[in-house]
Amino acid sequence: MRTPQASSTPSTPLDSQPPGDTRVQVLLPLPLREPYDYRVPPGLKLQPGDYVEVPLGPRRIPGVVWGEGRGVVDSGRLRAVVRRFDLSPMPEVQRRFIDWVANYTMTMPGLVLKMAVSVPTALEPPRPDIAYRRNGSPPPPGFKLTEARRRLLARLDDGQARTAAELAEAAGCGVAVVRGLVEAGMLEPVMLPPTRLPRPEWSQPGPILSSDQQAAADALRLRVAARAYATVLLDGVTGSGKTEVYYEAIAACLEQGRQVLVLLPEIALSAQWLARFARRFGAPPAEWHSDLTAAVRRDTWRAVAQGEVRVLVGARSALFLPYKDLGLIIVDEEHDAAYKQEESPIYQARDMAVVRAHQGGVPIVLVSATPALETQVNADSNRYSRIHLPGRHGGAMLPDVKLIDLRIDRPPSRHWLAPSLRKALTEALAQGEQAMLFLNRRGYAPLTLCRACGHRLQCPNCTAWLVEHRHNRTLQCHHCGLGQPLPKACPNCLETGTLAACGPGVERIAEEVTELFPEARAAIMASDTLSGPRAIQEMIRQIADHELDIIIGTQVMAKGHHFPMLTLVGVVDADLGLTGGDLRAGERTYQLLHQVAGRAGRGERPGTVYLQTCMPEYPVMQALAAGDRDGFYQLEAEMRQEAAMPPFGRLAALIVSGTDQALVERAAMALGRAAPRSDTVTILGPAPAPLALLRGRHRRRLLLKAPRSTPVQALITQWLEQVEIPPAVRVQVDIDPYSFL
């Protein structure tokens, strides 16, 4: 990742302009390439970072003062700032970060700002909550005390004030009953003080650490105490207690009175992490992810900006919140692909977190048992420091990994579990232990075809097969979300009874498990079978309390969960991620399967992992079986270096898309003809993307390959300036692409 030149972001008061001609640049959270000038009305003092409301056409929208006005437009033609919001200014480091991300990712600054000002209602001061209490007044003449009104009044006999919603719920009635009693003069309103978020207590004692953990925790505490930038890779095997180690760094930062950001790849799947944090610090952290209500997001955003939130745990977008005094960043499971945002703005949150830490002069800890190759190379070259935890906590042993060669140990016809895996399941259940079967494929079957005419059921909006979900009798596209009933007849030849499910998904594996082990308590754990965080938490509780014997699931099971009685993991199709020619296919497969394998044997009982594969000789499989992580990374690095691929070279992608296929094709060909070429820069394409049709848009891709020292942003800017792109066609730039779909 190369640092481009960022634009300067002033931090001094705007008092250097001529009297009577005070103007400011205001950046708006819209797809705009630069701030707009606005006139500052008399009596209003503004400084960079102030949140303001400005007119734009017929609307009034929020924005952030970005600096002094440029003086290009006559002041008489400028529209005036409407008002300044009563909120601390956006910190200067946050504004520099927004500029940097926009420059590096070649994204309009307004779109990056939109991620930072994602909850406009949070700019307004919160409205005080109103509660109600009895005032002793009798009912007015003619006012009837119904049973519901009597129940509600009885709830207030203790003298405590309650909100209308609380009263209605307690009395089993509607809010209208509360309003009626207020209008009758029998209840009086009471203004409640603002609710303060619970604060984690740094001084609470944590668990007793092993000698390795203590040494690692001490090293992290020293980094926090230095109050300076440093990137530290906390590299430990699965189950080594990495979380408890970096909790000590969090405690050290809280002791300083500063804020902590913890990034998790999928926060909604991290119920165990949140429970551990609350036990360690006596209060939960603030959360930031898409499953929160609008009200919670509003209150959390404002509390972060005011410095009231001490620890925030969130998904990648949490990186862009306006922290008042950020002192530490943790990126857990830093290798996870979920940190890469594929929609505009396209960015890698792990890499941007390192930039944010550098600009803020704070330490950042990257945590993983299987670091990204980029991180591994940076640690090997001493750009990052490394802290290593070599063994599992409490003396637990790493699981034994065994390869099942499906060419020899074949499952029975129309079944998917090999005889040796079936035997291992039988033995684990007989011992009263739990087992996990992993297949990273949702639904019942990935493809449905007609046995009569060969027609395959495909999504009309995407270049993808429709996936059968048998539990609700639907066909779904996992790319655009299309869902439709499973047809009774082939839509092509109209024959009935000829549609056949091809290949397994987790539902089909669950069907086989039920057939083999009818007495076992089995459940599916996949993102489309768990409706929201509560369902996920309940599933995790059931597994932890041994209310389930066999869990069949997708990669949501690999997210750091700790299940003491889970001793057997079976990977149904270990080769699944190795197809498609992806640059990182081997690395991703190793990371995912290593993480899945790490769920086994985390308690007192040893664990065993079976990988079903048709390619047992493949380097990934051999490394997993031998437990030779470093050997695999060395081989992967050598292959990448020989091909001058990241992290030893640069890649950038142009994705051309639109609803008119011919127009997209012409634009892509024009870009191909204008592409920069030299002895060091190679342009591949244009070519149809693997998903050539996605959500109704036709897609073509071009890939730029260059040495690490190449300023690809400047090169792409010059490239795009040479081609006129029709308004109906969109060109997205993906710097450092991770996905090639």
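No experiment lies behind these values; they were computed from the predicted model shown. (Residues numbered from 1 in each chain as written. Predicted model: local features only at pLDDT ≥ 70, side-chain atom pairs only at ≥ 80, totals over all residues. Heavy atoms only, no water.)

## A few points about the overall build of the protein
Move 1: The secondary structure content of the protein amounts to 19 helices and 32 strands.
Move 2: Here the C-alpha atoms of the protein give a radius of gyration of 29 Å, agreeing with the 27 Å that 2.2 N^0.38 yields for 741 residues.
Move 3: Viewed in the frame of its principal axes, the protein has a C-alpha envelope of about 80 × 75 × 70 Å.
Move 4: Here the protein, with 741 residues, has 52% of them falling under the buried criterion.
Move 5: Across the protein, every contact between residues at least 6 apart in sequence was considered, and the portion connecting residues at least 24 apart equals 76%.
Move 6: As presented, the protein carries roughly 33,100 Å² of accessible surface, and 51% of it is formed by carbon and sulfur atoms.
Move 7: Each charge sign in the protein was given a centre, from 84 positive and 77 negative side chains, and these centres are 5 Å apart. (Helix = DSSP H or I, 4+ residues; strand = E, 2+ residues; numbered from the N terminus. Rg over C-alpha atoms; globule rule 2.2 N^0.38 Å. Buried < 20%, exposed > 50% of the residue type's maximum accessible area, 1.4 Å probe, protein only. Contact = heavy atoms within 4.5 Å. Areas by Shrake-Rupley, 256 points an atom, 1.4 Å probe, with all protein chains shown as cover. Lys, Arg positive; Asp, Glu negative; His and termini not counted. Charge placed at Lys NZ, Arg CZ, Asp CG, Glu CD.)

## Structural notes on empty space enclosed by the protein
Move 1: Enumeration over the complete set of coordinates arrives at 2 cavities of 30 Å³ or more.
Move 2: As a volume, the largest cavity reaches approximately 50 Å³.
Move 3: Where the lining of the largest cavity is concerned, the elements lending two or more residues are α1 (92-105), β15 (347-348) and α10 (349-360).
Move 4: In terms of residue class, the lining of the largest cavity is built from 5 nonpolar, 2 polar and 3 charged.
Move 5: Taken together, R196, L197, R199 and E308 form the lining of the second largest cavity.
Move 6: In terms of residue class, the lining of the second largest cavity is made up of 1 nonpolar, no polar and 3 charged. (1 Å grid on protein atoms, 1.4 Å probe; cavity = no way out; pocket = protein on both sides within 12 Å on 5 of 7 lines; lining within 4 Å. Points joined across faces, edges and corners; volume = space filled by probe spheres on them. Nonpolar A, V, L, I, M, F, W, Y, C, P; charged D, E, K, R; others polar.)

## Focus: helix α15 (residues 585-597)
Move 1: Between its terminal C-alpha atoms α15 stretches 18 Å, which fits the 18 Å expected from 13 residues at 1.5 Å a residue.
Move 2: Across the 13 residues of α15, 11 count as buried, placing the element largely inside the fold.
Move 3: Three or more residues of α15 are buried, namely A585, G586, E587, T589, Y590, Q591, L593, H594, Q595, V596 and A597.
Move 4: Against α11 (373-380), β19 (434-438), β27 (566-571), β28 (608-613), α16 (619-626) and α17 (629-642) lie the buried residues of α15. (Expected span 1.5 Å × (residues − 1).)

## Quick word on the pattern of salt bridges
A side chain of one charge can pair with a side chain of the opposite charge when the charged atoms of the two come close.
Move 1: Applying the stated criterion to the full structure yields 36 salt bridges.
Move 2: Here E248 ties to R221 by a salt bridge, and the two come within 3.4 Å at their closest N and O atoms. One end of the pair, E248, is in helix α7 (residues 242-255); the other, R221, is in helix α6 (residues 211-226), and 27 residues separate them in sequence.
Move 3: A relative accessible area of 12% places E248 in the buried class.
Move 4: Residue R221 is classed as partly exposed on the basis of its relative accessible area, which comes to 26%. (Salt bridge = Lys/Arg side-chain N within 4 Å of Asp/Glu carboxyl O.)

## Focus: the confidence of the model for the protein
Move 1: With 95% of its residues at a pLDDT of 70 or more, the protein shows a mean pLDDT of 89.
Move 2: Contacts of residues 2-13 to residues separated by more than four positions or lying in other chains number 32 contacts, the stretch itself having pLDDT below 50.
Move 3: Low pLDDT, under 50, characterises residues 15-19; the predicted model gives this stretch 5 contacts beyond four residues in sequence or across chains. (pLDDT = per-residue confidence, 0-100.)

## Some details on the environment of Q732
Move 1: Looking at the secondary structure, you find Q732 in strand β32 (residues 730-735).
Move 2: Under the relative-accessibility criterion, Q732 is labelled buried at 14%.
Move 3: Spatially, the C-alpha atoms of Q732 and L197 are 40 Å apart, while their sequence positions differ by 535 residues.
Move 4: Excluding residues that lie within four positions of it along the chain, Q732 makes contacts with S344, I346, A653, L654 and I655.

## What to know about the sheet that holds strand β26 (residues 550-553)
Move 1: One open sheet accounts for 6 strands, arranged β18-β28-β27-β19-β26-β25; its pairing is parallel. Single-partner strands in this sheet number two, and they are β18 (400-405) and β25 (522-525). Looking at each pair of strands side by side, their axes are set apart by 20 degrees on average, direction ignored.
Move 2: As defined by bridge partners, β27 adjoins β28 across 4 bridges and the pair is classed as parallel. By the bridge assignment, V571 is partnered in β28 with L611.
Move 3: Contacting β19, β25 and β26, helix α13 (residues 506-516) runs over the sheet at an angle of about 155 degrees to β26. (Pairing = 2+ DSSP bridges. Axes fitted to C-alpha atoms, helices over the stretch in contact; angles between N-to-C directions.)

## What to know about the sheet that holds strand β11 (residues 286-288)
Move 1: Taken in spatial order, the 7 strands make up an open sheet running β11-β12-β10-β13-β16-β9-β17, and their pairing is parallel. The sheet is open, and its two borders are formed by β11 and β17 (385-389), each paired with just one other strand. Pairs of neighbouring strands in the sheet enclose a mean axial angle of 20 degrees, with direction left out of account.
Move 2: Across 4 bridges, the pairing between strand β10 (residues 259-263) and strand β12 (residues 311-314) is parallel.

## What about the environment of Q591?
Move 1: Along the chain, Q591 turns up in helix α15.
Move 2: According to the relative accessible area criterion, Q591 is buried, its value standing at 5%.
Move 3: Counting along the chain gives 256 residues from Q591 to H335, while the straight-line C-alpha distance between them is 7.9 Å.
Move 4: Sequence-distant contacts of Q591, that is, excluding residues within four places in its chain, are made with H335, T370, P371, A372 and Y633.
Move 5: Engagement of the side chain of Q591 in a polar contact is seen with the backbone oxygen of T370, the distance being 3.4 Å.
Move 6: A distance of 3.2 Å separates the side chain of Q591 from the backbone oxygen of P371, its partner in a polar contact. (Polar contact = N/O pair within 3.5 Å; in protein donor to acceptor, adjacent residues only side chain to side chain.)

## Things to note about the state of the cysteines
A disulfide bridge is the covalent bond that connects two cysteines by way of their sulfur atoms.
Move 1: In total, this model carries 0 disulfides according to the counting rule given.
Move 2: Take C490: it sits in no disulfide, and the sulfur closest to it among the cysteines is that of C453, at 3.7 Å.
Move 3: For C490, a relative accessible area of 1% gives the class buried.
Move 4: The cysteine C614 is free of any disulfide, with C502 supplying the nearest cysteine sulfur at 17 Å.
Move 5: Classification of C614 by relative accessible area gives partly exposed; the value is 38%. (Disulfide = S-S within 2.5 Å.)

## As for the packing of α6 against α7
Move 1: Packing of α6 against α7 leaves a shortest axis separation of 8 Å and a crossing angle of 30 degrees. It follows from the interaxial angle that α6 and α7 lie roughly parallel. In this structure, α6 meets α7 at a crossing whose hand is right-handed. Across from Q213, A216, A217, L220, R221 and V224 in α6, the residues of α7 making contact are V245, Y246, E248, A249, A251, A252, C253 and E255.
Move 2: Taken together, the residues of the contact of α6 with α7 break down into 10 nonpolar, 1 polar and 3 charged. (Parallel < 35°, antiparallel > 145°, perpendicular 65-115°, else oblique. Left-handed = near helix turned anticlockwise from the far one by under 90°.)

## Here we look at the packing of aromatic side chains
Move 1: Applying the stated criterion across every chain, the model contains 13 aromatic pairs.
Move 2: Arranged with centres 5.2 Å apart and planes meeting at 80 degrees, the rings of F320 and Y347 form a pair that is edge-to-face. In this pair, F320 sits in the loop between β12 and β13 (326-332) while Y347 sits in strand β15, placing the two residues 27 residues apart along the sequence.
Move 3: Note on Y590 and F632: the rings are 4.8 Å apart at their centroids and 10 degrees apart in plane angle, and the pair reads as stacked. Linking Y590 in helix α15 with F632 in helix α17, this pair joins segments that are 42 residues apart in sequence. Comparing Y590 with F632 shows no difference in burial state: the two are buried.
Move 4: Taken together, the aromatic side chains of Y246, Y247, W273, F277 and F281 make up a single cluster linked through ring pairs.
Move 5: Lying over the aromatic face of F281, R280 brings its terminal NZ or CZ to 4.6 Å of the ring centre. (Phe/Tyr/Trp six-rings, centres within 6.5 Å; stacked < 30°, edge-to-face > 60°. Lys NZ or Arg CZ within 6 Å of the ring centre and 35° of its normal.)

## Quick word on the pairing of strand β31 (residues 697-707)
Move 1: Most of β31 sits inside the fold, with 8 of its 11 residues counted as buried.
Move 2: The pairing of strand β30 (residues 682-694) with β31 spans 7 bridges and is classified as antiparallel. In the strand pairing of β31, L684 is matched with L703.
Move 3: Counted along the chain from β30 to the antiparallel partner β31, the turn is 2 residues long, and its residue R695 has a positive phi close to 55 degrees.

## Structural notes on the side chain of Q94
Move 1: Positionally, Q94 belongs in helix α1.
Move 2: If sequence neighbours within four positions are ignored, Q94 has contacts with A116, F320, L321, P322 and R356.

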